[in-house]
Amino acid sequence: MAATQTALTDDIPVINPGYKFDTIGEKIDAVVLGPTPKGWFVGFAMAFVVLQALLAGLTWLLYEGIGVWGVNIPVGWGFDIINFVWWIGIGHAGTLISAILLLFHQQWRTSINRFAEAMTLFAVACAGIYPLAHMGRPWFFYYLLPLPNTMQLWPQFRSPLMWDVFAVSTYATVSLLFWYTGLIPDFASIRDRAKNIWVKRVYGILSLGWRGAAMHWHRYENTYLMLAGLSTPLVLSVHTIVSFDFAVGNLPGWHATIFPPYFVAGAVFSGFAMVVTLAVPVRAAYGMKDFITDKHLDNMAKVMLVTGLMVFYGYGCEAFFAYYSANEYEQGLFMLNRAFGPYGIYYWLLILCNGIIPQLLWLRSVRLNVTLLFIISIIINIGMWLERFVILMALQRDFIPSSWGQYAPTFWDITTYIGTFGLFGSLMFLFMRFVPMISAFEMKHLIPESHVHHHGDDHGHSSHGTHHEGAHA
Amino acid sequence: MSTKTEKPGLFGLLAEFETTQAVFDAANAVRKEGFTKVEAYSPFPVEGLWEAVGHKRTWLPVLVFIGGLTGATCAFFLQTLTAGAHPDSLDPLIDGTVSTLTGNMLSFNYRMNIAGRPFFSWPAFIPPIFELTILFSAFTALFGMLILNGYPLPHHPLFNNKKFERASSDRFFICIEATDPTFDREATERFLQGLKPLSVTEVPL
């Protein structure tokens, strides 16, 4: 295992040496049990203020109607679905880190998985607002659910939009279950460490009374692995289905088989960028550099590089399809709209943000330069937003020039979008204050003392990565 | 061993260990000694400890598989029956004898003709089937684990022992419970002391 990992960064550990079982737990639990840092109040207050923009945006939308947004005919989908896809894509890195990297025995995932899973949940919460708000009459949202009703009308199950309802709600639920499963032993640790009786009681209830019995751990590891195994195809299905929202339509620029894989890669790309964007300031603020080391940032940069290349390949495919299809509408979409149309500049910005700039990540010096990496991660976040914008703007010019139109977001579109950052930020700050942000029991598994020698098993500590978690699955 | 009456209100004897290796070896020794009402405790999963104590492999994966099948079945019939599939179109699937029942049920539903596609357009039903399979499996995995483990259980006699607070931090424990047929207050304590623990203490009920 160790040999297959990159030789270049083998010298950087995933956890700095010198930690024992109790010091790992102490350090992580201290954030929850200790006093609230002043910076937290400042950060939370700022996020909470921004959250009010969401409140204002949605209130005005409900009062006045969908016309306050820039959507029109032919561009019936605007900021709402751009931001929906953007947020939900960000969420996917959390599942990738917690589930897929677990199955691949990538031990470096351990210190960032809790954090990334929280990011998933909050990103999905932000994403979920958009389709609901876009209904115009969100109080009828239950029309989407398969409920018996007096009109004897059931959902249209042949529609990708209906599949989306199932995919996104399943995704949100399973992500929550996965997150909570991981938290149970850590809540127990806080319960045992807390001095205040009420803190003890609250975390005691949250831990469900967990006492770490060997058989309980056995079932627990089984559950954890099964949830990882279930989440892996789930996360792929979610963005595949999101891409079906576009690809199943007959519209030029959308009706492409490359969409599902290219959407999934883009989701992981943007998600990892968001994890880097969040992890860099958080590890500095909470002094977690021993747990979230440069090795993590380096690995995440490599994932961004790979998924970025996949996405770039997707852009190439789109252009090639337009050319090779010999279909005048596909070619027209690309030449008259996407690349050289009214919003052509954004297409080229997108190529710059997602295709060109991430190539810097080939350089080790860039991957290990925290400031540069942070800036690149923000550029990728912007690039991935532009990607969804560019895809959506295919609606502007379709088959008949007489039906062409143009889209521009309104003040309320932008307010609502900014507001979702407030929601995301507020939830993130609450998470960091009240929930252990790093999985302590999994971190304990990273130090060599956690492993036992079974009979006839003497390869010992050097291979502990392969023993890690669920060797008994 | 003698059948001396246990001290009233004793849950068991708790031996404390400092390392994973120590608790693992001790668990093997306890199992070989013939104790059956034993449990080991650790702050994180220790490989093979459950086997060392003498537990059987969990059948949770079977439950999860059944949960997944249930999800798939529910999603298939939910869509097939409500999308307005006419009993005739289901005949290859369901024996004609059931048709009357489903026919009556379906007559209450508005049948949606979408672009002239068949009412029983099963390939389009696959994504929700897939999602509900995952959803039901995940619920079974978490709640199955919690139920089999007996959670939620906010209080447990072990929490009466002050030393057990470190079971979630950095100490490893083996508890031989008083209900074990071979449990004997003195003899069991002597046996546990022989395993070189940091301490052996009582767990009051």
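Since we're looking at a predicted model, the values are computed, not measured. (Residues numbered from 1 in each chain as written. Chains lettered and ligands numbered in written order. Predicted model: local features only at pLDDT ≥ 70, side-chain atom pairs only at ≥ 80, totals over all residues.)

A. Focus on the overall build of chain A. Check the secondary structure of chain A and you find 16 helices and zero strands. In terms of overall dimensions, chain A is globule-like: its C-alpha atoms have a radius of gyration of 23 Å, near the 23 Å expected for 473 residues. If one aligns the C-alpha atoms of chain A with their principal axes, the spans along those axes are about 75 × 50 × 45 Å. Per-residue burial over chain A gives 50% buried out of 473 residues. In chain A, of all internal contacts separated by at least 6 residues, the share reaching a separation of at least 24 is 82%. (Helix = DSSP H or I, 4+ residues; strand = E, 2+ residues; numbered from the N terminus. Rg over C-alpha atoms; globule rule 2.2 N^0.38 Å. Buried ≥ 20, exposed ≤ 12 C-beta atoms within 10 Å, placed from the backbone. Contact = placed C-beta atoms within 7 Å.)

B. Focus on the nonpolar core. Counting residues in each nonpolar core, the largest one holds 187 residues, and the members touching the most others are Val275(A) and Ile174(B). Counting residues per element, this core draws most heavily on helix H7 (residues 214–247) of chain A, which supplies 16 residues. Residues lining this core come from more than one domain, with at least three contributed by each of domain 1 (10–56 + 153–204) and domain 2 (60–148) of chain B. With residues up to four places along the chain from it excluded, the contact list for Val275(A) reads Ala93(A), Ile112(A), Ala116(A), Met119(A) and Met300(A). (Core = buried A, V, L, I, M, F, W, Y, C linked by C-beta atoms within 7 Å. Domains from an automatic or database assignment.)

C. Structural view of helix H3 (residues 79–103) of chain A. Residues and elements named next belong to chain A. Taking 1.5 Å of rise per residue, the 25 residues of H3 would be expected to cover 36 Å, and the 36 Å separating its terminal C-alpha atoms lies within 8% of that figure. A bend of about 40 degrees at Leu96 is the largest found in H3. The buried fraction of H3 amounts to 23 of the 25 residues, a majority that puts the element mostly inside the structure. Where H3 terminates, the next one or two residues include His105, which has phi positive at roughly 55 degrees. (Expected span 1.5 Å × (residues − 1). Bend = angle between axes of the 7 residues up to and from the residue.)

D. Region of interest: the interface of chain B and chain A. Listed by partner, the interface residues are 62 residues for chain B and 60 residues for chain A. Put simply, the parts of the chain that give the side of chain B that touches chain A at least two residues each are helix H1 (20–33), strand E2 (38–41), helix H2 (49–53), helix H3 (60–82) and helix H6 (126–148) of chain B. Element by element, the count of residues in the side of chain B that touches chain A is highest for H6(B), at 14 residues.

E. Region of interest: the pairing of strand E3 (residues 172–177) of chain B. Residue and element names in this part refer to chain B. Where burial is concerned, most of E3 is hidden: six out of the six residues are buried. Across the two faces of E3 the burial is the same, with Phe172, Ile174 and Ile176 and Phe173, Cys175 and Glu177 all buried. Pairing geometry for strand E1 (residues 10–17) and E3, over six bridges, is antiparallel. Of the residues in E3, the one forming a bridge with Gly12 is Glu177. Relative to E3, E2 runs antiparallel, the two being bridged by four bridges. Note on E3: the bridge partner recorded for Glu39 is Cys175. (Pairing = 2+ DSSP bridges.)

F. Molecular detail of unusual backbone geometry. Cis rather than trans, the peptide bond between Ile73(A) and Pro74(A) has omega equal to 20 degrees. With respect to the secondary-structure elements, Pro74(A) resides in the loop between helix H2 (38–64) and H3. Geometrically, the link from Tyr151(B) to Pro152(B) is a cis peptide bond, its omega value of 0 degrees lying close to zero. Positionally, Pro152(B) belongs in the loop between H6 and E3. Here His105(A), not a glycine, exhibits a phi torsion of approximately 55 degrees, which is positive. With respect to the helices and strands, His105(A) occurs in the loop between H3 and helix H4 (110–134). According to the C-beta neighbour criterion, His105(A) is partly exposed, with 15 such atoms within 10 Å. A positive phi angle, close to 65 degrees, is found at Leu208(A), a residue other than glycine.

Functional significance is not addressed by these values, which are geometric in nature.
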